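Here is how the chains run, residue by residue.
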Amino acid sequence: MMMTQPTIKQLRTALKRWGRFWRAKELGKGFSRQAVTERIGDSSARYVSSDMMSVPEEIEALTQQIAQLRPECIRALRGKYLVEGDIAQVAKTLGFDSKRSLEFWLVKAERSLLQSLCQQ
């Protein structure tokens, strides 16, 4: 995925790419607007289901690393890199006590990811 010893700057760049990729998928780009059950029997159906979605190797590796973090860390990463808007409002929406709480878990998540990436 990255060099042997990634820097925090490289990690944040990778997290931004990760966030843009999943934000686009969560907003519906790349998925069918109709339910699959509505398309059954339609031979001209040209839809993309989540099972058929192609995820870049770098994004998949980072997603797997993130999945192993604490739930608070995952929410903080989602708040920073996936959810658009004011960070204080995002913190409240995601269930953090304050903006500072979200930032605490974000730093913890980034450090945990750096450690796990350095051990690979």
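Residues numbered from 1 in each chain as written. Predicted model: local features only at pLDDT ≥ 70, side-chain atom pairs only at ≥ 80, totals over all residues. Heavy atoms only, no water.

## Regarding the pattern of salt bridges
Working step 1: If you walk through the whole model with that rule in mind, you get four salt bridges.
Working step 2: Between E58 and R17 there is a salt bridge, and its shortest N-O distance comes to 2.5 Å. Residue E58 is located in helix α3 (residues 57-67), and its partner R17 is located in helix α1 (residues 8-26); the two are separated by 41 residues in the primary sequence.
Working step 3: On the accessibility criterion, E58 (24% relative accessible area) is partly exposed. (Salt bridge = Lys/Arg side-chain N within 4 Å of Asp/Glu carboxyl O. Helix = DSSP H or I, 4+ residues; strand = E, 2+ residues; numbered from the N terminus. Buried < 20%, exposed > 50% of the residue type's maximum accessible area, 1.4 Å probe, protein only.)

## Quick look at the nonpolar core
Working step 1: Among the nonpolar cores identified, the biggest contains 25 residues, and L15, W18, I66, L77 and L113 are the most heavily contacted of them.
Working step 2: Elements with a minimum of two residues in this core: α1, α3, α4 (71-81), α5 (87-93) and α6 (99-118).
Working step 3: Residue contributions to this core peak at seven residues, all from α6.
Working step 4: Discounting chain neighbours no more than four positions away, the residues touching L77 are L15, W18, I66, L69, L82, L106, A109 and L113. (Core = buried A, V, L, I, M, F, W, Y, C linked by side-chain atoms within 4.5 Å. Contact = heavy atoms within 4.5 Å.)

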